[in-house]
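Descriptive structure summary
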Amino acid sequence: MNRLQMTEKLKEKLSTKRFEHSIGVEYTAGTMAFMYGIDYEKALIAGLLHDCAKYVPNDKKIAKCKKRKIPISECEYKNPELLHAKLSAVYAKEKYGVSDQDILSAIACHTTGKPAMTTLEKIIYIADYIEPNRSVLPEMDIIRKEAYTNLDKCMLHILYNSMQYLCKKGSVLDPVTKETYEYYKQIID
Ligand code: FE
Ligand code: FE
């Protein structure tokens, strides 16, 4: 399947708003790939498909991950929505014919991040946050500039702000996010 065919298929699976977001992540990731000299075709595909399983109902998210023996953490059981990242990687492979492991892993960790991410993984995580259709979050102007100047600093900034936001909202924080934050804090300090 080429990227145009993927785009057409994806459009059927997402809401208009989510589809627009995916296109935004696709092209933002593409420009970041230019900036950091990595394969932009991989960045475009990972960006396009990162949320492709977003609308699988939550109970099915758990069932489908179980069926494929994907480990589910306690936090993910409580908040199956978090599983959309791992499941989107599975769908990218099974339904969109993506076999590239770099792309699949970037999709799989786009919600929580993880320690020691590859450049592509960081780009997708960041592009998801800064793409132009996103509602403007605090310090977005600074974060958008950091995205093109210092990936690790940008990671830390997004992780910090997301943790603050989740905390204020009283939402649960995935331990992997905390772990990722600690990792990038150490790198930056
Ligand atoms: Fe997502
Ligand atoms: Fe997203």
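Check the entry above for the structure.
The numbering scheme is per chain: residues are counted from 1 as the chain's sequence reads. Throughout, the order in which chains and ligands are written sets their labels, letters from A for the former and numbers from 1 for the latter. Where totals are concerned, whole chains, interfaces and linings use all residues; where local detail is concerned, this predicted model gives features only for residues with pLDDT of at least 70, and gives and counts side-chain atom pairs only at 80 or more. Side-chain descriptors were evaluated using all non-hydrogen atoms of the structure, hydrogens and water having been removed beforehand.

**Section: the overall build of the protein**
- To qualify as a helix, a DSSP run of H or I must reach at least 4 residues; to qualify as a strand, a run of E must reach at least 2; elements of each kind are numbered from the N terminus. Assigned secondary structure in the protein consists of 11 helices and 0 strands.
- Listing every helix and strand of the protein by position from the N terminus yields α-α-α-α-α-α-α-α-α-α-α.
- The quantity called the radius of gyration is restricted to C-alpha atoms. Its globule counterpart is 2.2 Å times the number of residues to the power 0.38. Here the C-alpha atoms of the protein give a radius of gyration of 16 Å, agreeing with the 16 Å that 2.2 N^0.38 yields for 189 residues.
- When the backbone C-alpha atoms are referred to their principal axes, the protein occupies close to 40 × 35 × 30 Å.
- In this scheme, a residue with accessible area under 20% of its type's maximum is buried, one over 50% is exposed, and one in between is partly exposed, where area comes from a 1.4 Å probe on protein chains only. Within the span of the protein, comprising 189 residues, buried residues form 47% of the whole.
- Note on areas: Shrake-Rupley with a 1.4 Å probe; residue coverage comes only from the protein chains shown. Within the structure as shown, the protein displays about 9800 Å² of accessible surface, and the carbon and sulfur contribution to it stands at 54%.

**Brief notes about the coordination of the iron ion (ligand 2)**
- In the first shell of the iron ion (ligand 2), the protein supplies His21 (NE2), His50 (NE2), Asp51 (OD) and Asp128 (OD), at 2.2 to 2.3 Å from the metal.
- Coordinating donors are taken to be N, O and S atoms lying within 2.8 Å of the metal, or within 3.2 Å when the metal is Na, K or Ca; because water is excluded from the atom set, some sites may appear incomplete. Think of it this way: with four donors and all angles in the 85 to 135 degree range, the site is tetrahedral; with four or six donors, opposite ones beyond 155 degrees and the rest between 65 and 115, it is square planar or octahedral; otherwise it is irregular. Each of the 4 donor atoms around the iron ion (ligand 2) contributes to a set of angles spanning 78 to 169 degrees, which defines the coordination as irregular.
- Coordination of the iron ion (ligand 2) draws on donor residues from a single chain, spaced H-x28-H-D-x76-D in sequence.
- Between the iron ion (ligand 2) and the iron ion (ligand 1) the interatomic distance comes to 3.3 Å, and Asp51 is a ligand of both metals. Residue His21 is found in helix α2 (residues 16-36), and its partner Asp128 is found in helix α8 (residues 119-130); the two are separated by 107 residues along the sequence.

**Focus: unusual backbone geometry**
- Despite not being glycine, Lys69 shows a phi value in the positive range, around 60 degrees.
- Structurally, Lys69 can be placed in the loop between α4 (58-67) and α5 (74-78).
- The exposed category is assigned to Lys69, whose relative accessible area is 73%.
- For Ala116, which is not a glycine, the phi torsion comes out positive at approximately 50 degrees.
- Looking at the secondary structure, you find Ala116 in the loop between α7 (101-108) and α8.
- Judged by relative accessible area, Ala116 falls into the partly exposed class, the value being 47%.

**Looking at the coordination of the iron ion (ligand 1)**
- Here the iron ion (ligand 1) is held by the protein donor atoms Asp51 (OD), His84 (NE2) and His110 (NE2), which lie 2.1 to 2.2 Å from it.
- Site description for the iron ion (ligand 1): donor spacing in sequence, D-x32-H-x25-H.

**Comments concerning the environment of Gln101**
- Residue placement: Gln101 occurs in helix α7.
- Placed 62 residues apart in sequence, Gln101 and Met163 show a C-alpha to C-alpha distance of 28 Å.

**Focus: the packing of α8 against helix α10 (residues 151-169)**
- Where α8 contacts α10, the axes come no closer than 10 Å and their chain directions differ by 45 degrees. The pairing of α8 with α10 is recorded here as oblique in orientation. Here the hand of the crossing between α8 and α10 comes out left-handed. Counted together, Thr119, Lys122, Ile123, Tyr125, Ile126 and Tyr129 of α8 and Leu151, Asp152, Cys154, Met155, Ile158, Leu159, Asn161 and Ser162 of α10 form the full contact between these two elements.
- Classification used: nonpolar for Ala, Val, Leu, Ile, Met, Phe, Trp, Tyr, Cys and Pro, charged for Asp, Glu, Lys and Arg, polar for all others including Gly. Split by residue class, the contact of α8 with α10 holds 9 nonpolar, 3 polar and 2 charged. Every axis corresponds to a line fitted to the C-alpha atoms, with the helix fit spanning only the stretch in contact, and the corresponding angles, defined between N-to-C directions, vary from 0 to 180 degrees. Comment on the angle field: the value is read as roughly parallel under 35 degrees, roughly antiparallel over 145, roughly perpendicular from 65 to 115, and oblique elsewhere. The hand of a helix crossing depends on one turn: near helix anticlockwise from the far one by less than a right angle means left-handed, and clockwise means right-handed. Here a residue-residue contact requires only that any non-hydrogen atoms of the pair lie within 4.5 Å.

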